[in-house]
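Each chain, letter by letter, is given below.
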Amino acid sequence: MKTEKGKPSLRVLICGGGIAGPSLAYWLARSGHQVVVAERFPALRATGAQVDLRGQGIEAVQRMGLLDSVKSKLVDEAGVSLVNAQGKARATFMANTSGHGPQSLTSEYEIMRGDLVRILHDATKDDVEYVFGKAVERFDQDERKVVARFSDGSSNEFDLLVGADGQGSRIRGAILPPDGPDPYLRMGIHMAYWFIPRIVSDSNIRDTYNARGGRMIMRRSHNPAQTQVYFILRQASDEASAIHKAPIDDQKLFWARKFRNAGWQTGRFVEGMAATDFFYSQEVVQVRTQSWSKGRVVLVGDAAHCASPYSGMGISGSLVGAYVLAGEINRTIEDLPRALAAYDATLRPFVDEIQTLKPLLLRLCMPQTQLGIDALHSLAGLACLLRIPDLIARFSKEDRGGDWRLPDYAELA
Ligand SMILES: Cc1cc2nc3c(=O)[nH]c(=O)nc-3n(C[C@H](O)[C@H](O)[C@H](O)COP(=O)(O)OP(=O)(O)OC[C@H]3O[C@@H](n4cnc5c(N)ncnc54)[C@H](O)[C@@H]3O)c2cc1C
C-alpha cells in the first residue's frame, strides 16, 4: 500500500488509548498510514485527575494544532500553598503566567486528564479505527510482519505494533529479556486520588498539607462542583506496593488507615473517598530500560519512559515521544528497525533530562517529623518572601525538559 504522497503506507496497531497512543495515531494517520488503536477498557478512558503541560509538550500540542482546544479546557489554578493544620498558608507559589521562563509548581497549562483524552480522541476518531474492550494479549513477529493476538480470541497482522499501554506495559514485558534488570525505579512513594464535592472555602489555590510520618495531602478544585483530593505516602514497603492491585474497597481502607489522625481536613476527605465516583491509586515509579523496541514492536509514552508524576513531564513526555516516533518512522519508512533505532537515539537525551531526579528534595518535601515539617514551612516561607521563585522564572530559560529541542520533520509538516 502507498500513501497519497507515494510513500509506503503501514498498517499499525497501537495498544492503548490513553495519551501517547492517540497522539501517535494522530501523526501516523495524518501521514497516510492505517492505524488501529486497541484499548482494553470498554469505552474511552477519559478519567483521571489534573495533569499539566510544560516545555516541549506545549510545543508538541501546538504542532498538532490542538493548543486552542487545550486552552479552552484549562483548569483555573492560580498557585500552590503550603498550609498548616489550621489551613493557614505558610508559603504560596503563584503560577508563572508571564509567558516567559519555566512554569512553576502550577503550570500555565493545567488540564483534567479526561479532557485531554477527549481532545486527542476527537482529533483522531475520523481517521483512526478505535477498538474498545479489546486487549492485546500477546504477539508473534518475524522480519515481515507482527501478528497480534487479542483478548477476544481474534488475531490480526500488522507492519508495526506499538505498546502505548502505560506504566505497567505488557508489551514491554514481552520485548525485554526475561532475566534483565527490573525496569522500575521505585521511589518509595505511593499516591491515591479521588473527587469529592467542593465547598465554599475550596479556593483556586492548590493546598498542600504535610502530616508526620511522611504523609502529604493535596486539595485542588477543578470546577465549581468538584474538588480533587490526593493522599501521598512516603513508605517503601511490600504492603504499599501491593495495595494498588487490591480490590478498590481494600485500597480505600488502606488509605483511611494510613491517614488516621493526620489532621487538617482529613475527616472530610476520607468520608468523601467512600462515596466518590472516581478513585485511582498508583506507586510512584520511573520506567527505565536500555531499549524501546525489538524488531517490529516499539514502546511509546509511559510504557517506554514513565518519568513519574513528580517530574511534571509525564504527559509532555508522551506527547513529545509520539511526535518523534512518528517523525522517525516516516523519515526511514523503508527500514523500520533503523527508524526505531533513530527514535531511541533522538528521544533518549530528552528522556534522560525529564527523568533526572532530586531524591533529597523529594524527601525534604515529605518530612517524617513535625520538626521537619516546621523547617519546610520556614524555608518555603522565606523563599517566597525573597521572591526566589519569581527570580528563577525570570532568569532561567528552560523548563524541565532542558535545552533539548523538538526536531523538525518535513514528513509531518
Ligand atoms: C485511568 C487513568 C488515570 C490517570 N490519571 C492520572 C492523573 O490523574 N495524573 C497523572 O499525572 N497521571 C495519570 N495517569 C497516567 C498518565 O495518563 C500517564 O502518566 C501519561 O499520560 C502517559 O500516558 P500513556 O498513554 O503512556 O499511558 P496511560 O495514560 O496510562 O494509558 C495507557 C492505556 O493503555 C491501556 N492498556 C493497558 N494495557 C493494555 C492492553 N494490553 N491492551 C489494550 N490497552 C491497554 C490502558 O487502559 C490505558 O488506557 C492516569 C492513567 C490512567 C490509565
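Residues numbered from 1 in each chain as written. Predicted model: local features only at pLDDT ≥ 70, side-chain atom pairs only at ≥ 80, totals over all residues. Heavy atoms only, no water.

(A) Summary view of the overall build of the chain. Along the backbone of the chain there are 14 helices and 18 strands. Computed over its C-alpha atoms, the radius of gyration of the chain comes to 22 Å, within 12% of the 22 Å expected for a compact globule of 413 residues. A principal-axis box enclosing the C-alpha atoms of the chain has dimensions of 65 × 45 × 40 Å. Split into buried and exposed, the 413 residues of the chain put 53% on the buried side. Summarising the internal contacts of the chain: among those between residues at least 6 apart in sequence, 72% fall at separations of at least 24. Accessible area for the chain stands at about 19,000 Å²; split by element, carbon and sulfur atoms hold 52% of it. Taken together, the 50 basic and 47 acidic charged side chains of the chain have centroids lying 4 Å from each other. (Helix = DSSP H or I, 4+ residues; strand = E, 2+ residues; numbered from the N terminus. Rg over C-alpha atoms; globule rule 2.2 N^0.38 Å. Buried < 20%, exposed > 50% of the residue type's maximum accessible area, 1.4 Å probe, protein only. Contact = heavy atoms within 4.5 Å. Areas by Shrake-Rupley, 256 points an atom, 1.4 Å probe, with all protein chains shown as cover. Lys, Arg positive; Asp, Glu negative; His and termini not counted. Charge placed at Lys NZ, Arg CZ, Asp CG, Glu CD.)

(B) Fine view of the pairing of strand β2 (residues 34-39). Of all the six residues making up β2, five are buried; the element is thus mostly covered by neighbouring parts of the structure. As judged from the five bridges shared by strand β1 (residues 11-15) and β2, these two strands associate in the parallel manner. Counterpart to leucine 13 in the pairing with β2 is valine 36. The β-α-β motif built from β1, the intervening helix α1 (residues 20-30) and the parallel element β2 has right-handed crossover chirality. (Pairing = 2+ DSSP bridges. Right-handed = clockwise from strand over helix to strand, strands pointing away.)

(C) Structural view of the nonpolar core. Leu13, Ile14, Val162, Leu325 and Leu347 are the most contacted members of the largest nonpolar core, which totals 77 residues. Broken down by element, the residue count for this core peaks at nine residues, all from helix α10 (residues 314-331). When near neighbours in sequence (up to four residues on either side) are disregarded, valine 162 contacts Val12, Leu13, Ile14, Cys15, Leu24, Val298, Val300 and Leu325. By size, the runner-up hydrophobic cluster in this structure holds 20 residues, among which are Tyr209, Leu233, Trp255 and Trp264. (Core = buried A, V, L, I, M, F, W, Y, C linked by side-chain atoms within 4.5 Å.)

Such coordinate-based values are descriptive only and should not be taken to indicate function.
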